[in-house]
Amino acid sequence: MRWLERLRKNDPKVADLVTKELQRQEFGLEMIPSENYASLAVMEAMGTVLTNKYSEGYPERRYYGGNEFIDMVEQLAIDRAKEVFGVPHANVQPYSGTPANQAVYVATCNLGDTILGHSLPDGGHLTHGWKTSFSGMFYKSMQYHVKPDGYLDLDEVKRLARDERPKLIWIGASAYARELPFEEFAAVADEVGAYLAADIAHVAGLVVGGAHKHPAPYVHIVTTTTHKTLRGPRGAMIMVTEKGLKKDPELGNKIDKAVFPGLQGGPHDHTTAAIAVALGEALKPEFKEYAHQIVKNARALAEELMKNGVKIVSNGTDNHLMLIDLTPFGKGKGVFVQDALDASGITVNKNTIPAEPSSPFYPSGVRLGTPAITTRGMKEKEMKSIARWIVDIIGEVKSNELPEDRVKRNEVLEKFKQGLSSNRTVKRVRSEVVQLCKRFPLYPELFK
Ligand code: DSN
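Residues numbered from 1 in each chain as written. Predicted model: local features only at pLDDT ≥ 70, side-chain atom pairs only at ≥ 80, totals over all residues. Heavy atoms only, no water.

Right, let's talk about the overall build of the chain for a bit. Secondary structure summary: the chain contains 18 helices and 14 strands in total. Over its C-alpha trace the chain gives a radius of gyration of 22 Å, about what one expects of a compact globule, namely 22 Å for 448 residues. Based on the C-alpha atoms only, the size of the chain along its principal axes is roughly 60 × 60 × 45 Å. The proportion of buried residues among the 448 residues of the chain is 57%. Considering only contacts in the chain between residues 6 or more positions apart, those separated by 24 or more positions represent 72%. (Helix = DSSP H or I, 4+ residues; strand = E, 2+ residues; numbered from the N terminus. Rg over C-alpha atoms; globule rule 2.2 N^0.38 Å. Buried < 20%, exposed > 50% of the residue type's maximum accessible area, 1.4 Å probe, protein only. Contact = heavy atoms within 4.5 Å.)

Around the ligand, the structure places Ser34, His125, Ser174, His202, Lys228 and Arg367. In the model, an oxygen atom of the ligand is placed 2.6 Å from a nitrogen or oxygen of the serine 34 side chain. Between the ligand and histidine 202, the relevant distance is 2.6 Å, taken from an oxygen atom to a side-chain nitrogen or oxygen of the residue. For the ligand, the accessible surface in isolation is 230 Å², of which the surrounding protein chains cover 63%. A class-by-class count of the residues in the shell around the ligand yields no nonpolar, four polar and two charged. (Near = heavy atom within 4 Å. Polar contact = N/O pair within 3.5 Å; in protein donor to acceptor, adjacent residues only side chain to side chain. Areas by Shrake-Rupley, 256 points an atom, 1.4 Å probe, with all protein chains shown as cover. Nonpolar A, V, L, I, M, F, W, Y, C, P; charged D, E, K, R; others polar.)

Attention shifts here to the pattern of salt bridges. Applying the stated criterion across every chain yields a total of 19 salt bridges. With a shortest N-O distance of 2.9 Å, glutamate 21 and arginine 24 are connected by a salt bridge. Here glutamate 21 and its partner arginine 24 are both found in helix α2 (residues 12–26), three residues apart, which amounts to about one turn of the helix. Since its relative accessible area comes to 31%, glutamate 21 is described here as partly exposed. One salt bridge in this structure joins arginine 62 and glutamate 74, with 2.9 Å as the shortest N-O distance. With a gap of 12 residues between them, arginine 62 in strand β3 (residues 61–62) and glutamate 74 in helix α4 (residues 68–85) connect regions that are remote in the sequence. Of the residues examined, glutamate 74 reaches a relative accessible area of 1% and is grouped as buried. Overlapping salt bridges, with partners in common, bring together Glu21, Arg24 and Glu30 in one network. (Salt bridge = Lys/Arg side-chain N within 4 Å of Asp/Glu carboxyl O.)

Another point: the sheet that holds strand β8 (residues 195–199). Sheets are built from strands that pair by backbone hydrogen bonding, the pairs being arranged parallel or antiparallel. The seven strands lie next to each other as β4-β10-β9-β8-β7-β5-β6, forming an open sheet whose pairing is mixed. For this open sheet the edge positions go to β4 (89–91) and β6 (140–144), each flanked by a neighbour on one side alone. Across the sheet, the mean angle separating the axes of adjacent strands is 20° when strand polarity is ignored. (Pairing = 2+ DSSP bridges. Axes fitted to C-alpha atoms, helices over the stretch in contact; angles between N-to-C directions.)

Looking now at unusual backbone geometry. Here phenylalanine 260 and proline 261 are connected by a cis peptide whose omega angle stands at 10°. With respect to the secondary-structure elements, proline 261 resides in helix α11 (residues 251–263). Phi angles above zero are rare outside glycine, and leucine 4 is one such case at about 65°. Structurally, leucine 4 is set in the segment before α1 (5–10). The phi angle at asparagine 315 is positive, at roughly 60°, despite the residue not being glycine. When you line up the elements, asparagine 315 lands in the loop between α13 (285–307) and β11 (321–325). Looking at asparagine 315, the relative accessible area reads 61%, which means it is exposed.

This part covers the environment of asparagine 297. Counting through the fold element by element, asparagine 297 comes out in helix α13. For asparagine 297, a relative accessible area of 0% gives the class buried. Spatially, the C-alpha atom of asparagine 297 lies 28 Å from that of leucine 420, the residues being 123 residues apart in sequence. Dropping the residues within four chain positions of it, asparagine 297 is found in contact with Thr370, Thr374, Met378, Lys379, Glu380 and Met383. Polar side-chain contacts of asparagine 297 include one of 3.0 Å to the side chain of threonine 374.

This is the structure we're talking about:
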């Protein structure tokens, strides 16, 4: 049976949109560093009868009947998570990264307690205490930053921890290109008696593959999404380390209770099965090679960009991502570069840079990374071509100015977008990107 054959008959509109998205992914370069391409086996596990089941509770402790096989699936995912990350406790039920982090607050803090996290415009995450998220609304949030050189300001972390005595400290980021200093944070958290939680959503695959330092010896809790460098389905996990259980032997139970019944209802069992498959893939030796190649590719890309005059925050990367600083051309230029790269078949996201001079919606940087293109098998040689295309596109659009006035700004952006389809550089890069993608097919089975 051909892919989507039933869907095509049953609901051609949805089938058509899914097919278009497949084509976009197959013939474009996905360089948003939090995205990846899951294997067909992972996707197959998601599209199963497991989506039909309710199973509130945990293996062998369910509220509904009929969970004999669901129990085995969830236990398998838990056991693999424990093995892959070398931890004594794992919860695989969080629907995604934000609910996972929310459960950490519920398990470790009371409303209004002080917490310390990485500021969002400096590369942190909404759930690490940013003012517009529950974490900044319901807790007294203190935020640390990066220094002008782009590296974490550890002196500020120490000072805030000593002065404010937070109950919970977060380490982990969404737009930070340097290795996370778990050991240094552990010294601070231990000194002030705080829980230390590592949100390794971005680097989980690198950690598992040995291409990034492991947080487990240093922190009490580890959270991660499962769909980024870990290359699984869209979901999340919370793990408690040996150190965490030593600090609080009830921490595993507290996390489980926070997830269910604290915050969620029935787990998404089809996702749990797919997480088990992804963790099985992460246990294979090829995954180590993959993780190391992600980092090699990111370094090669950053070096080539810098060689061609592109400014990179902190002058490089230790992991899978980098932040291009577009301020040498003016402020708020991220949107032009993002849209022009998008039209060229290279998907990135506009992003704030440290000490952002513009706004989060019209920031002055672009974030990009190599997890997905490395999944396609691309290596350092391809990174050079990609860097040159990015340089060409930046050169093409850097002189566009973003008006302060909202109406004028919308007009300028609309006109800019319309012009992209006839832009010669964009058209040339687009055609070269397609040629490259054809040499590194993604889901060839789905085109048969
Ligand atoms: N949205 C994710 C990212 O892109 O990094 C973080 O949650």
